[in-house]
Amino acid sequence: MISLTVNGVERQFDGDPETPLLWYIRDELGLNGTKYGCGTGLCGACTVHLDGQAVRGCLATVAEAEGTSVSTIEGLSPDGNHPVQVAWRDLNVPQCGFCQTGQIMQASALLAASPSPSDQEILEGMQGNICRCGCYQRIVGAVRRASTGV
Amino acid sequence: MLRHLNLQATGSAQPSAGRTIIENVSRRGFLKGTAAFAVVVQFLPFDAEAYETYPHGGQSMPNGVVNNPLVFVSIDRDGTVTIKAHRSEMGTGSRTSIPMIVADEMEADWSRVRIVQAEGDEKKYGNQDTDGSRSLRHHIQPARDIGAAVRRMLEEAAAKRWETDVANVQAVGHEVVHKTLGLRLGYGELAEAAMALPVPARADLRFKDEKEFRYIGKGQVKIVDLHDITTGKAVYAADVSLPGMLTAVVARPPVVGGKVKSADSAAALAVPGVVNVVEIPGSPLGSKFKPLGGIAVVARSTWAALKGRDALTIEWDAGPHGSANTADQEKELRASAGAPGAPVRDQGDAEAALASAARVFTREYYQPHMAHAPMEPPAALANFADGKCEVWGCLQSPYGARGDIAEFFGLGEEDVKVNVTLLGGGFGRKSKGDFAIEAAYLSREVGAPVRVQWTREDDIRHSFYHTTSVEKIDIGLDANDKPVAWRHRSAATSFLSTFAPDEGVQHPVEIGMGLEDMPFEIANVRAEQCKAYAHTRVGWYRAVSNIPRAFAIQSITAELADELGRDQKDFLLEMIGTPRKLDWRAAGLPQEFWNNGEPYEHFPIDTGRLRHVIELAADKAGWGKSLPPGEGLGIAAHRSFVSYVAAVVRVKVGEDGTVSVPETHIAIDCGFVANPERVQSQMQGACVFGMTAAMYSGITLENGAVVESNFHDYDMVRADNFPQVAHTHIVEHPFAVHATGVGEPGVPPILPALTNAIFNATGKRIRNLPIGDQLQT
Ligand code: FES
Ligand code: FES
C-alpha cells in the first residue's frame, strides 16, 4: 500500500507500484488535466509537481511518489487564478490547448524556484515542453508576464 | 477532402481592386503584450454583388452548407443563447470564431452565449470536414445569415407583442427596443415566440453594416475554451469515459498491409488488469481509413494495457511492402522526375523554348514523408451495444467517421452516433478515423465500452504520412538571361493510394497545390506529374502538397537570382511579373483546375496580392539590411488555400551549424478577417510548424517499417530554438473581399524562406529536407 497526497487529499494505492503517476492520476483519480503526449519524458504534457518540483508524470512512478505531495493542474489554484494561469489567459496563449496544462505546471514550478527568471532561464526552463501548435512566443511572454506583472 | 472534387468552370475576371489606402493603424488594444504588428491596408470594395450572394465553394462540398438558424441557435428563457459549433476545434479557433459571427450578427451579448459542439451529422449541419482551411472561408457568410435571421425573428416577435410594425423595433445588445416608445424586451422573454416564427427568407434579411460589428474583426473575443484549457477541464478524446469502460492499446503490423503470422498472448493475459486480447482484422494499402489490424490488449487501465502489449510476442508477415526502403524510394522518385511525365498544364511550348534556350537552369528538391504528430495522439471511446454504436473522439471529420463506421460494421447511418471532443491538434491526421473504428470493433468484441489510446510511437509509426516527393524544375533563359521557359516535373506519392489501388498518379487537389497554379509570368510553362508509388499510407498534412511545391519553386527562384547576381526579392517579384489576375485558359490550365474548390471568378490567382504581401514582409523585415556574419534573411511567398502569404525569416547559424531564428515577418492576405487575434496565432504557429518540418521532420522506411518512433528521433522545435519573434502583418479588407484560408497557408513559405536564409547566412544550399545535420561541421 502506497500513501501519497494529491492536491491536498490523502490517497492510498495498492496497485502496481511501477504505475507511472500520469496513469494513476488519470485512470485512478480521474484528474484528466494531466496529459499523455509521449510517455518517455520528451514532451512535458504530463508535468505535475512533486513536493513543488516539476516532474514528468509519465516517468515518475507511484512508488517514487510515496509520502510526497503531488499537485496537478486541478490543484494549482483553488479558483484557477494562479498568476501563471491568469497570464496565460491575458495573452491568449493556447491554440489546441493540449500541451498547456503541462506548460503551466512547468512554468509555475520554474517561477516558484526563480521568481524573476532571465529570458535565457525561461527558454531553458521551458524547453522540455513541446507545443506542436507553436505557441512558444506567447508561452514565453506569459511566463515573463506572470513573473513581472507586465 | 477527397469525398468530393469540385470541377470549376470559370467566368470573367473581376474588375480589379480600387485604390489602395495604406494607413498604419496601431492596434495596440487588440493584442496586449503579444508583440502584434498588424498593418492595415484597405482595399476599397469592388464587388457589391458578391456581398449579396457571397459565392464560395461551400455549397459544392458534400452536404453543402446549412444556414437554418433553428439548427444552430436556441435561446433559453433566461436569455442564454446556445450556438452549435459544427466544425471540429483543433487549435485554429473556429469553434469560437464562427459562433462569434452568429452572435455579432444577431446582436447577442457574447457573455451570454454558450457553445455546444455538434455531433457528426451533415444532413443536419452541412459539411463538417474540418480541413482545407475552409471553416471561416465557407461559413463566415452562412454564420451571418443565421445571426441575421434570428435577429429578424426576435424583432418580429417583439413587434407582434407590441402590435406594431417590425420597422418600429430594433434588436440591440441582447434585447429588442421599440424605437419611439422606449419599450424593451430581452431575448429570453422573446425566445419562445421568436423561435416559433417562420424562418425569414434570406432575401428579406438585413445584414449589419461592417461599422456596426461588435466582435467581428476586433480580435477581442477570447477562445471559448480558454478557461477550461488553463485549468485542466477541457475535454479531449481520452478524457471521456463511461461506466465499465476498458482501455486498449494495439500492436499494429509494422508494415502497412502486414498480418499476424503467429502470436503468443499468454504473458499479456497474465498482466494484472488485462482483460482480453483481441485480434483486429487488417487491411491492405488502399483501404481508405480502415484499421491496420493487429492485436489489441484490452485492460482495466491504460498502464495495464501498455504492459500487456509489451508482453505480446508476435511474428508478422510483412506483406507486399516489406522490402520498401526510403533510400530506394528516393532514387525511384529522382529517376521518375528525371523523365517526361503526364502534362497537367501547358502554356506556350516549353519543350521548344527549353531546346532553343541560351541555357537551362535545373534544380531538384526532395522531401521525405512526414508525420503530423499532433500533441494529442489519436484516441477514441466507443460503446457498441444492441446493434448501435456511439463514439467519442478527436475527429476532424465526424460525419466521415460515422459513415466509415457504418460501412465497416454494416450498420445504418442512424445506428451510429459520433461525438466530437476537442482535438489536441489535428493537422490532417484526425481526418482519418481509423482509431475510432478500432474502438468500435473492440467494444463490439468485448461487450463493453472501450477507449483506444494511441501511444506516441503508434502515432509516428502508423500515420497517414505527408507525401514524399521529388520536384524538378528546368528554367530556360534567353541570351539576355530572361526566363522564357519553365518546366516542373513532380514525382510525389499521392493520397489517392490510400483510397484505391495505387496507380502512381496524383489527385487534382494535389496538382492544384502549387504544381499547375504556379503564378510566374513566363511565356512557356509546362507542369508534369511523374509516376510515384506509395509504400505506406499517404494522407494530407497541414498545407499538403503546397509544402514541397513552395519549397522547390521558391528555392530555385532564389538560386537563379544568385546565379544571375540579382537580389532575391527583386528577382522573385520580376518572376511573378505584372499585377494581374491569371487568365486560367491562356495560362494553359485544364478545365478541371482545382482552385481549392472555389469559383475562379471570385478567387482568381491575383499576382497583385501576391506581390503585395512580398513587398509588405520585405519592407517590415528591412530586406537588404546588412547583418552580422553568420546571419541571413530569406524570403519566400506562396498562394495556397486561396490566401497569399509571404515570409521573411532571419537566421543565425552558429559555427557548429546550430540554426536559430531571431525573427520572422509573415504577411498574409486572407481577405476579410473575422478574428485577427486567431490569424496572428495561426501565423505564429505556422512559423514554428514550418521550421519543425524544415529542420527535423523526416520519416524513414526500412523494410517497410517506420524507423522513427518518438520525439527523440522525430523532434520538434522547442522553447529554446523557436522563432523568437514572429511579426504578423495582416492585410485588411472589407467584408466583400472573400475570407480565405488561414490554418494552412502560413506554413509553405516558411521552409524555403528558412533555407534561403540559411544560404544567405552560410552559402550552404539545402535541397533535400529535412535539414537535419546537413549544416553540422
Ligand atoms: S507524456 Fe510525459 S513527457 Fe511526454
Ligand atoms: S496548444 Fe496545441 S500543442 Fe500546445
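Rules used in this analysis
- Position labels on residues start from 1 in each chain and follow its written sequence.
- Chain A is the first chain written and ligand 1 is the first ligand written, with later ones labelled in order.
- Where totals are concerned, whole chains, interfaces and linings use all residues; where local detail is concerned, this predicted model gives features only for residues with pLDDT of at least 70, and gives and counts side-chain atom pairs only at 80 or more.
- Side-chain descriptors were evaluated using all non-hydrogen atoms of the structure, hydrogens and water having been removed beforehand.
- Two strands are counted as paired when DSSP detects at least two bridges linking them.
- Secondary structure elements follow DSSP: runs of H or I of four or more residues count as helices, runs of E of two or more count as strands, with numbering from the N terminus.
- Inter-axis angles, ranging from 0 to 180 degrees, are taken between N-to-C directions of lines fitted to C-alpha atoms, where helices are fitted over the stretch in contact.
- For this analysis, residues touch if any pair of their heavy atoms sits within 4.5 Å.
- Partly exposed residues are those whose accessible area sits between 20% and 50% of the maximum for their type, while under 20% is buried and over 50% is exposed, using a 1.4 Å probe and protein chains only.
- What we call a nonpolar core is a set of buried Ala, Val, Leu, Ile, Met, Phe, Trp, Tyr and Cys residues that are connected through their side-chain atoms within 4.5 Å.
- Each salt bridge in this description consists of a side-chain nitrogen of Lys or Arg and a carboxyl oxygen of Asp or Glu lying within 4 Å of one another.

Trainee: How do you make sense of the sheet that holds strand S5 (residues 113-117) of chain B when you look at a structure like this?
Mentor: Within a sheet, neighbouring strands are paired by backbone hydrogen bonds and run either parallel or antiparallel to one another. Residue and element names in this part refer to chain B. Spatial ordering of the open sheet is given by S3-S4-S5, a layout of three strands whose pairing is mixed. The strands lining the two open edges of the sheet, one partner per strand, are strand S3 (73-75) and S5. Pairs of neighbouring strands in the sheet enclose a mean axial angle of 25°, with direction left out of account. Looking at chain direction, strand S4 (residues 81-85) and S5 are connected through five bridges and run parallel. Each bridged residue has a counterpart across the sheet, and for Thr82 the counterpart in S5 is Arg114. Across the sheet, helix H3 (residues 94-105) touches S3, S4 and S5, and the angle it forms with S4 is around 135°.

Trainee: Please clarify how the side chain of A:Thr61 should be interpreted in this entry.
Mentor: Residues and elements named next belong to chain A. Its place among the elements puts Thr61 in the loop between strand S4 (53-56) and strand S5 (69-71). A residue is classified by how much of its surface remains accessible, and Thr61, at 8% relative accessible area, is buried. Residues within four places of Thr61 in sequence aside, it is in contact with Pro17, Glu18, Thr19, Pro20 and Leu21.

Trainee: Can you walk me through the sheet that holds strand S7 (residues 175-178) of chain B in this structure?
Mentor: Residue and element names in this part refer to chain B. Strand order in the open sheet formed by three strands is S6-S7-S8, with antiparallel pairing between adjacent strands. The open sheet terminates on both sides in strands that have one partner only, identified here as strand S6 (169-172) and strand S8 (184-186). Each strand of the sheet is rotated relative to its neighbour by a mean of 20°, with strand direction disregarded. One ladder, built from four bridges, connects S6 with S7; its direction is antiparallel. Within S7, the residue paired with Gln170 across the bridge is Val177. Contacts from helix H6 (residues 187-195) reach S6, S7 and S8, with the element oriented near 75° to S8.

Trainee: Just to check I follow, could you spell out the nonpolar core for this structure?
Mentor: What tends to happen in soluble globular proteins is that the nonpolar side chains get buried as a cluster. Residue and element names in this part refer to chain B. Core analysis: the largest hydrophobic core is formed by 141 residues, its most contacted members being Trp486, Val651 and Leu754. If you tally residues by element for this core, the top one is helix H20 (residues 676-695), at ten residues. Judged by nonpolar contacts, the second largest core, of 49 residues, contains Met100, Val102, Ala157 and Ala194.

Trainee: What is the right way to look at the pattern of salt bridges in this model?
Mentor: All names here are of chain B. This structure, assessed with the given rule, holds 58 salt bridges over all chains. Taking the shortest distance from any N to any O, the salt bridge between Asp145 and Arg202 comes out at 2.9 Å. Taken together, the residues span a long stretch of sequence, with Asp145 in helix H5 (residues 135-162) and Arg202 in the loop between H6 and helix H7 (226-231) at a distance of 57 residues. By relative accessible area, which is 5% here, Asp145 ends up buried. With a shortest N-O distance of 2.7 Å, Arg526 and Asp346 are connected by a salt bridge. In this pair, Arg526 is assigned in strand S22 (residues 524-530) and Asp346 in strand S14 (residues 342-347), connecting sequence segments 180 residues apart. Asp346 sits in the partly exposed class, given a relative accessible area of 35%. Several salt bridges converge on common partners, so that one network encompasses Asp346, Glu351, Asp474, Arg487, Arg489, Arg526 and Glu528.

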